[in-house]
Protein chains: 2
Amino acid sequence: MARRDTEPRTLTPLPALETWREQLRRGGLDLAILLSVSSTARYGLEIIRHLQASTDLVVTEGTIYPILARLTSSGLVEAEWVAGETPHPRKYYRLSGEGRKALATMIGHWTSFRRKIDRLIEREKGSGDETE
Amino acid sequence: MARRDTEPRTLTPLPALETWREQLRRGGLDLAILLSVSSTARYGLEIIRHLQASTDLVVTEGTIYPILARLTSSGLVEAEWVAGETPHPRKYYRLSGEGRKALATMIGHWTSFRRKIDRLIEREKGSGDETE
DNA sequence: CGTAGATACCTTGTGACGCAAGATATAATG
DNA sequence: CATTATATCTTGCGTCACAAGGTATCTACG
């Protein structure tokens, strides 16, 4: 447990930009996690490592377990304990049937949302934004 | 004030998908609003109409005024009252110098984030997701 | 004058969320 | 027994969007 003890815990009012970045992430986390367990069953820490390795998204334990619990209780993923094969039991999560439908819907929403923001960026970029 | 009185106010536990959609929006709202006032000064209700017209993003007054206040107090936009020319005074918002820098940074973050999610979707889509 | 309607801005109350930090559990090693 | 490594879960904090309701100002009608 000697991991993050060099940082004195974020007490600053967070310079507005940092807070925004965190906000942005929030919207994608559920989607990212569902995608992580969509083709293979994975356990908690494995999901964290998978996201980090494949997308650089850094998710901590305090973040992922509440989300997994929420996704489980709403029926989008199913959890199963697997013990014996590893030193410590692991809880594997996989997408449920309902989750698969939800995921398809979410991907649709994501695509639509992404398009809206991108369109706005392109429109405003070329509409007189020259300040120099 | 007879506008939204047909809907009995959302009391349902929100079927998980709805909550998620709202979460996703959150991350993009600041960005969308900054973009709205980046090339032209606009007042509150005008921003709402502009976003609706150009991107279908529906933002209500209860949402936009707190955000504008936050963006103003953190120095990313500047506000100016304009009275006399219209029946009712309007508060025009425009991007500040600092806001312009922040906007550029945010666009960078947005692009990077979007790429991560898109990559994840493509990877998982083609990695054994056939259930039929 | 009164009041009704339109426009515009702002505030309050509610529920939800991410996350750092810490707690808990298990098994192997010294 | 203590430590280390792995793994899951919980608590406390600050933050946010948003529906609903409130305020202020001008015009129109009688």
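Keep in mind the model is a prediction, meaning the values are calculated, not measured.

Focus on the protein's contact with DNA strand C
Around DNA strand C sit 28 residues, and of these Arg26, Thr63 and His88 of chain A together with Tyr65 and Arg90 of chain B come closest. Across the atoms of DNA strand C situated within 4 Å of the protein, the share located in sugar and phosphate is 65%. Contact between DNA strand C and Tyr43 of chain B: a phosphate oxygen at 3.1 Å from a side-chain N or O atom of the residue. Within the backbone of Leu45 of chain B, one N or O atom sits 3.0 Å away from a phosphate oxygen of DNA strand C. When residues of the surface near DNA strand C are traced back to their parent elements, those giving at least two are α1 (17–36) and α3 (61–73) of chain A together with α1 (17–36), α2 (44–55), α3 (61–73) and β3 (90–95) of chain B. In the surface near DNA strand C, the residues fall into nine nonpolar, eight polar and 11 charged.

Brief notes about the packing of helix α2 (residues 44–55) of chain A against α3 of chain A
Residues and elements named next belong to chain A. In contact at an axis separation of 10 Å, α2 and α3 are set at 120° when each is read in the N-to-C sense. For the pair α2 and α3, the crossing hand works out as right-handed. Between α2 and α3, the contacting residues are Gly44, Leu45, Ile47 and Ile48 on the first element and Glu61, Ile64, Tyr65 and Leu68 on the second. Taken together, the residues that form the contact of α2 with α3 break down as six nonpolar, one polar and one charged.

A short note on the protein's contact with DNA strand D
In the vicinity of DNA strand D lie 28 residues, with Tyr65 and Arg90 of chain A together with Arg26, Thr63 and His88 of chain B positioned nearest. Taken together, the sugar and phosphate atoms account for 62% of what DNA strand D places within 4 Å of the protein. A distance of 2.4 Å separates a phosphate oxygen of DNA strand D from a polar side-chain atom of Arg90 of chain A. The set of elements that each furnish at least two residues to the surface near DNA strand D consists of α1, α2, α3 and β3 (90–95) of chain A together with α1 and α3 of chain B. For the surface near DNA strand D, the per-class residue count stands at nine nonpolar, eight polar and 11 charged.

Some remarks on unusual backbone geometry
A negative phi angle characterises most non-glycine residues, just as the trans form characterises most peptide bonds. Located in the positive-phi region is Asp56 of chain A, a residue other than glycine, with phi close to 70°. Positionally, Asp56 of chain A belongs in the loop between α2 and α3.

Points about the nonpolar core
Counting 62 residues, the largest nonpolar core has Leu31 of chain A together with Leu31 and Trp110 of chain B as its most contacted members. Those residues within four positions of Leu31 of chain B in sequence are excluded, and the remaining contacts are Trp20 and Ile117 of chain A together with Leu103, Met106, Ile107 and Trp110 of chain B.

Some remarks on the sheet that holds β3 of chain B
Residue and element names in this part refer to chain B. Spatial ordering of the open sheet is given by β1-β3-β2, a layout of three strands whose pairing is antiparallel. Two strands bound the open sheet, and with one partner strand each, they are β1 (42–43) and β2 (77–82). Along the sheet, α3 makes contact with β2 and β3, crossing β2 at roughly 115°.

Looking at α1 of chain B
Residue and element names in this part refer to chain B. Between its first and last C-alpha, α1 extends 28 Å over 20 residues, near the 28 Å set by a 1.5 Å rise per residue. Remark: the principal bend of α1, roughly 40°, maps to Gly28. Among the residues making up α1, those that are buried are Trp20, Leu24, Gly27, Gly28, Leu29, Asp30, Leu31, Ala32, Ile33, Leu34, Leu35 and Ser36.

Section: the side chain of Ser96 of chain A
Residues and elements named next belong to chain A. Secondary-structure assignment places Ser96 in the loop between β3 and α4 (97–125). By relative accessible area, which is 5% here, Ser96 ends up buried. Dropping the residues within four chain positions of it, Ser96 is found in contact with Gly75, Leu76, Val77 and Glu78.

Some details on the relation of the copies chain A and chain B
Relative to chain B, chain A is turned by 180° and slid 0.0 Å along the rotation axis, the superposed coordinates differing by an RMSD of 0.1 Å. Here the symmetry operator amounts to a two-fold rotation axis. In terms of C-alpha distance to the rotation axis, chain A has Gly27 of chain A as its closest residue, with the C-alpha 3.1 Å off the axis. A share of 100% of the interface residues of chain A reappears at the interface of chain B, consistent with the copies meeting face to face through the same patch.

Looking at the interface of chain A and chain B
Each partner contributes residues to the interface: chain A has 46 residues there, and chain B has 46 residues. Between chain A and chain B, roughly 4,500 Å² of surface is buried when both sides are summed, and carbon and sulfur atoms account for 69% of that area. When the buried area of chain A at its contact with chain B is split by residue, Trp20, Trp110 and Leu120 of chain A rank highest and sum to 16% of it. We note a salt bridge from Asp118 of chain B to Arg114 of chain A, for which the minimum N-O separation is 3.2 Å. The interface formed by chain A and chain B holds eight residue pairs in polar contact (both at pLDDT 80 or more) in total. Mapped onto the side of chain A that touches chain B, the elements with two or more residues apiece are α1, α2 and α4 of chain A.

The rules behind each value
Residues numbered from 1 in each chain as written. Chains lettered and ligands numbered in written order. Predicted model: local features only at pLDDT ≥ 70, side-chain atom pairs only at ≥ 80, totals over all residues. Heavy atoms only, no water. Near = heavy atom within 4 Å. Polar contact = N/O pair within 3.5 Å; in protein donor to acceptor, adjacent residues only side chain to side chain. Helix = DSSP H or I, 4+ residues; strand = E, 2+ residues; numbered from the N terminus. Nonpolar A, V, L, I, M, F, W, Y, C, P; charged D, E, K, R; others polar. Axes fitted to C-alpha atoms, helices over the stretch in contact; angles between N-to-C directions. Left-handed = near helix turned anticlockwise from the far one by under 90°. Contact = heavy atoms within 4.5 Å. Core = buried A, V, L, I, M, F, W, Y, C linked by side-chain atoms within 4.5 Å. Buried < 20%, exposed > 50% of the residue type's maximum accessible area, 1.4 Å probe, protein only. Pairing = 2+ DSSP bridges. Expected span 1.5 Å × (residues − 1). Bend = angle between axes of the 7 residues up to and from the residue. Least-squares fit on C-alpha atoms with pLDDT ≥ 70 in both. Buried area = accessible area lost by both parts, 1.4 Å probe. Salt bridge = Lys/Arg side-chain N within 4 Å of Asp/Glu carboxyl O.

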